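# Topology and contacts: notes
Single-letter residue listing:
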Amino acid sequence: MNWIEVAFTIQPSEPWADLLPQDLADLGYESFSEENDKLLAYVSEDKYSETDLDALINQLPNHVQVNYTTKTIADQNWNAEWERNFEPIRIGKKLLVRAPFHEADDSVEMELVIEPKMAFGTGHHATTALIAERLLDMDLTDKRILDMGCGTSILAIIAKKRGAGDILAVDIDEWSVRSSEENIVINNTPGIDVRLGDIDVVPADDKFDMIIANINRNIILRHLEYYAALLKKGGVLLTSGFYDSDVPVVDETAQKLGLIHVDMTTKDKWANVLYKKE
């Protein structure tokens, strides 16, 4: 499968370079980065629609000017592109996330090897890092966990290494499922069941001690009712993928469903909120 890279020039950059990815995610865009004052967004070729993209841009306020160019990235070239740019991620002495071509480091408590592919979630993005930091400080022993929008399954793998029980990891993207399956084997973390699909692939009568949802605000709001139903009493929901300014909106819906805002952490304007089911 080929991918489309869309390079956006946005004026004014703040806050629109941060806000635009949320809307692009609803159009199927899966990865974002910044380079030379441009926002780079990636979408599979079959999901790219210039008509939908132009309609989205036209809905922005008149004072926001957005221009873009596109180029096709062949599937077979993507890994080499990531290898040229992928850098290891460290969270103190607690965690090192590296690619197979990086040297190991025995001084850290936990080391993850992630194949740097198209799937979102290598730990570089603030939202992934926020949840990773949270998981490293939690008692996950024997917890049953659902990881929605798992990407590379980095968060599920961290949870498994922290002693979690059975984990169900779900993503709508075939790339993510393939990447997850590879990473689970590389990191020797059996007991993570990866499924292709959306919330519909999770049995409605299933119950979890924890749900991880690192997606985006609109999808989280859409799925909150399902998350609340799937959580055991006293279970926790770890959410991210939205900005700290969006927290009141998410809180309002969560509270109606019996999900209590316990606390939150932030990084680069992104929020991670822990909710607990009453």
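Heads up: these notes are all about the structure in this document. (Residues numbered from 1 in each chain as written. Predicted model: local features only at pLDDT ≥ 70, side-chain atom pairs only at ≥ 80, totals over all residues. Heavy atoms only, no water.)

To continue, consider unusual backbone geometry. With omega at -5 degrees, the peptide bond leading from Gln11 into Pro12 counts as cis. Looking at the secondary structure, you find Pro12 in the loop between β1 (3-11) and α1 (16-26). Here Asp268, not a glycine, exhibits a phi torsion of approximately 50 degrees, which is positive. Locating Asp268 in the fold gives a position in the loop between β13 (259-267) and β14 (270-277). Owing to a relative accessible area of 57%, Asp268 belongs among the exposed residues under this scheme. You will see that Lys269, though not glycine, has its phi angle at about 75 degrees, which is positive. Along the chain, the position of Lys269 falls in the loop between β13 and β14. A relative accessible area of 41% places Lys269 in the partly exposed class. (Helix = DSSP H or I, 4+ residues; strand = E, 2+ residues; numbered from the N terminus. Buried < 20%, exposed > 50% of the residue type's maximum accessible area, 1.4 Å probe, protein only.)

Let's shift gears to the side chain of Asn272. Looking at where Asn272 falls in the secondary structure, it is placed in strand β14. There is a polar contact of 3.0 Å between the side chain of Asn272 and the backbone oxygen of Thr239. Among all residues touching Asn272, those that are not within four sequence positions of it are Leu130, Ile131, Arg134, Leu238, Thr239, Ser240, Asp263, Met264 and Thr265. (Polar contact = N/O pair within 3.5 Å; in protein donor to acceptor, adjacent residues only side chain to side chain. Contact = heavy atoms within 4.5 Å.)

It is worth spelling out the pairing of β14 at this point. Within β14, six of the eight residues are buried, which leaves the element mostly enclosed by the surrounding structure. Both strand β12 (residues 231-243) and β14 contribute to a ladder of seven bridges, which runs antiparallel. The partner of Val236 across the bridge, within β14, is Lys276. Looking at chain direction, β13 and β14 are connected through eight bridges and run antiparallel. Paired with Thr266 across the bridge in β14 is Ala271. From the end of β13 to the start of β14, which pair antiparallel, there are two residues, and Asp268 there has a positive phi angle of about 50 degrees. (Pairing = 2+ DSSP bridges.)

Taken together, the four strands give an open sheet; going across it, the order is β2-β3-β1-β4, and neighbouring strands pair in antiparallel fashion. Unpaired on one side and paired on the other, β2 (31-35) and β4 (65-73) mark the two borders of the sheet. Between one strand and the next, the sheet's axes are offset by a mean angle of 25 degrees, whatever the strand orientation. Sheet topology note: the β1/strand β3 (residues 38-44) ladder contains six bridges and is antiparallel. Bridging across to β3, Glu5 finds its partner in Tyr42. Seen against the sheet, α1 touches β1, β2 and β3 and runs at an angle of roughly 145 degrees to β1. (Axes fitted to C-alpha atoms, helices over the stretch in contact; angles between N-to-C directions.)

Function-wise, these values are silent; they only describe arrangement.
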